[in-house]
Amino acid sequence: MTHQQDIIDQTDRRSAHNYNPLPLVLERGEGIWVWDTDGNKYLDCLSAYSAVNQGHCHPKIIDAMTEQAKKITLTSRAFHNDQMGPFLEKLCQMARMDKALPMNTGAEAVETAIKAVRKWGYEVKGVEDNKAEIIVVKDNFHGRTIATVSMSSEPDYRKNFGPFTPGFILIDYNDLDALEQAITPNTVALIMEPVQGEAGIIIPDEGFLTKARKICKQNNVLFVLDEIQTGLGRTGKLFCFQHEENAAPDVLIVGKALSGGVYPVSAILASDEIMAVFTPGIHGSTFGGNPMGAAIGLAALKVIEDEKLAERSHILGDYLMRKLQAIPTNKITDIRGRGLFIGIELNKDLGGARSYCEALMTKGLLCKETHDHVIRLAPPLVIEKEHIDWMVEQIAEVLKD
Ligand SMILES: *Cc1c(COP(=O)(O)O)cnc(C)c1O
């Protein structure tokens, strides 16, 4: 352990302490497995917050990256490159949307969505200058930039980062009355996660998305879904909104697994009409749509399709859920999830999920606590049944009464 401790000490000395990682140092990953610098092997149950749905270092994605790296990596959007078109074609086909706008990180894609709906509000809906309002939902997570923390209700994310971006109206999750009441003539969009990941895998009531979308339509308000974490197979459908009828968004935000965790690639998708608000020079990113990211993104999407990762997530997620529910323990107060996106909520008297994640680490399972009392299980979607069996054995051991 001393070797790992040296690395941790150096990292602590030289990096800002904006995270509180588990005390291990990873150096290699393959599929669902990762290895620390002492050669210990762990099953990754976090998948880098669902960026690694395709598994670590998927050979097809790595091949696409290395092949592209030998050709050209960055052109900027001042010139066309031969990779962006095929990537966006695939993405639009899979999401059944007209157009996509590629960015890099998730937060940047959310910012892009904010810009799109505001501009749509002024130029299409006819909202008065600088009056646009966007409805967001309590306990959301949309990223860490100033605008995305301005959307947040979480004191830790906001404290001493003000002044905040105005124009966001918070409503309770799952509250359709609140949504209707919050809409004014200046409302341009509702932006929400179809399942709240960082809040602890919070799932809306059945039919909520469809009803919310309908209310938006009736009021000429754009329905925007942040599927950066829930999208691309994680919840047992390609996109989480597909769990309901008629819940497709006007603007869809994707990131994380869009590159299989290989490179930062994100995007927003929308109709021709909405995307038409973007004209030359009004928005951009040096790296957005670069040929490396595009080649990687195309390969990452093909893996999701070819290996039927959404179906796997659905079937194996049900299997995992049933096995977890059968664990005999008083420590669990709730288990909820969709597909391989499952939260185990622990009894609040236990003092938080962190010590249980540390115990699981010593058993070879890497999990991260979310919102203090919830253990999130989100393994790469390439996981096999036998590994789920092993995973549940370790969890049962740690949570036994
Ligand atoms: C991770 C995440 C983001 C932010 O993505 P970054 O790449 O970290 O900027 C935004 N929304 C949701 C729902 C996320 O899970």
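What you see is a predicted model, and the numbers here were worked out from it, not measured in a lab.

A. How the structure looks around the overall build of the protein chain. Along the protein chain, the regular secondary structure elements total 14 helices and 15 strands. A compact globule built from 401 residues would reach a C-alpha radius of gyration of about 21 Å, and the protein chain, at 21 Å, matches this within 12%. Taking the principal axes of its C-alpha atoms as reference, the protein chain extends roughly 60 × 55 × 45 Å. For the protein chain, with 401 residues in total, the buried portion stands at 55%. Within the protein chain, contacts between residues at least 6 apart in sequence are counted, and of these 72% link residues at least 24 apart. Of the side-chain charges in the protein chain, 42 are positive and 54 negative, and the distance between the mean point of each set is 2 Å.

B. Structural view of the sheet that holds strand β13 (residues 365-366). The strand order β1-β2-β3-β13 describes an open sheet built from four strands, whose pairing is mixed. Pairing within the sheet leaves two strands with one partner each, and these edge strands are β1 (26-30) and β13.

C. Structural context of the domain arrangement of the protein chain. When the domains of the protein chain are assigned, the result is domain 1 (3-54 + 308-398) and domain 2 (59-306). The interface of domain 1 with domain 2 comprises 28 residues on the first partner and 32 residues on the second. With both sides pooled, the region where domain 1 packs onto domain 2 buries about 2,400 Å², and carbon together with sulfur makes up 55% of that total. When residues of domain 1 are sorted by the area they lose upon contact with domain 2, Q54, R338 and F341 head the list and together hold 33% of the total. The tally of links from domain 1 across to domain 2 stands at one salt bridge.

D. View of the layout of surface pockets. Of the volumes computed, that of the second largest pocket is approximately 710 Å³. Lining the second largest pocket are 28 residues, with R77, M84, A100, L101 and P102 sitting closest to its centre. Secondary structure elements with two or more residues in the lining of the second largest pocket: α4 (84-95), β4 (99-103) and α10 (272-275). When its residues are assigned to classes, the lining of the second largest pocket shows 14 nonpolar, nine polar and five charged.

E. Structural detail: the packing of aromatic side chains. Overall, the coordinates contain four aromatic pairs when judged by the stated rule. A ring pair is formed by F141 and Y157, whose centres lie 5.7 Å apart and whose planes are at 80 degrees; its orientation type is edge-to-face. Highlighted residues: F141 in the loop between β5 (133-137) and α6 (146-150) and Y157 in helix α7 (residues 155-158), separated in sequence by 16 residues. Both residues of the pair, F141 and Y157, count as buried. Against the face of F168 rests R118, its NZ or CZ located 6.0 Å from the ring centre. The cationic tip of K385 hangs over the ring face of Y319; the distance from NZ or CZ to the ring centre is 4.7 Å.

F. Layout of the pattern of salt bridges. For the structure shown, the criterion picks out 18 salt bridges. Taking the shortest distance from any N to any O, the salt bridge between E123 and K119 comes out at 2.9 Å. In this pair, E123 and K119 both sit in helix α5 (residues 106-125), four residues apart, roughly one turn of the helix. E345 is paired through a salt bridge with K348; the nearest N and O atoms lie 2.9 Å apart. Here the salt bridges do not stand alone but share partners, grouping D334, R336, E345 and K348 into one network.

G. Here's a closer look at the packing of helix α12 (residues 309-325) against helix α14 (residues 385-398). At a minimum axis separation of 10 Å, α12 and α14 run at an interaxial angle of 25 degrees. As judged from the angle between their axes, α12 and α14 are roughly parallel. Like other packed secondary-structure pairs, α12 and α14 cross with a definite hand, here right-handed. Contacts between α12 and α14 involve L316, Y319, L320, K323 and L324 from the former and K385, I388, D389, M391, V392 and I395 from the latter. Of the residues assigned to the contact of α12 with α14, the class counts are eight nonpolar, no polar and three charged.

H. Layout of the pairing of β4. Of all five residues making up β4, four are buried, and the element is well covered by its neighbours. When β4 meets strand β10 (residues 266-270), the two strands line up antiparallel, connected through five bridges. Note on β10: the bridge partner recorded for L101 is I268.

I. Quick look at the site of the ligand. Neighbouring the ligand are the residues T105, G106, A107, F141, H142, G143, E193, D226, I228, Q229 and K256. At 2.8 Å, a backbone N or O of A107 approaches an oxygen atom of the ligand. K256 places a polar side-chain atom, nitrogen or oxygen, 2.6 Å from an oxygen atom of the ligand. Bound to the protein, the ligand loses 81% of the 380 Å² it would expose on its own.

Definitions and limits used
Residues numbered from 1 in each chain as written. Predicted model: local features only at pLDDT ≥ 70, side-chain atom pairs only at ≥ 80, totals over all residues. Heavy atoms only, no water. Helix = DSSP H or I, 4+ residues; strand = E, 2+ residues; numbered from the N terminus. Rg over C-alpha atoms; globule rule 2.2 N^0.38 Å. Buried < 20%, exposed > 50% of the residue type's maximum accessible area, 1.4 Å probe, protein only. Contact = heavy atoms within 4.5 Å. Lys, Arg positive; Asp, Glu negative; His and termini not counted. Charge placed at Lys NZ, Arg CZ, Asp CG, Glu CD. Pairing = 2+ DSSP bridges. Domains from an automatic or database assignment. Buried area = accessible area lost by both parts, 1.4 Å probe. Salt bridge = Lys/Arg side-chain N within 4 Å of Asp/Glu carboxyl O. 1 Å grid on protein atoms, 1.4 Å probe; cavity = no way out; pocket = protein on both sides within 12 Å on 5 of 7 lines; lining within 4 Å. Points joined across faces, edges and corners; volume = space filled by probe spheres on them. Nonpolar A, V, L, I, M, F, W, Y, C, P; charged D, E, K, R; others polar. Phe/Tyr/Trp six-rings, centres within 6.5 Å; stacked < 30°, edge-to-face > 60°. Lys NZ or Arg CZ within 6 Å of the ring centre and 35° of its normal. Axes fitted to C-alpha atoms, helices over the stretch in contact; angles between N-to-C directions. Parallel < 35°, antiparallel > 145°, perpendicular 65-115°, else oblique. Left-handed = near helix turned anticlockwise from the far one by under 90°. Near = heavy atom within 4 Å. Polar contact = N/O pair within 3.5 Å; in protein donor to acceptor, adjacent residues only side chain to side chain. Areas by Shrake-Rupley, 256 points an atom, 1.4 Å probe, with all protein chains shown as cover.

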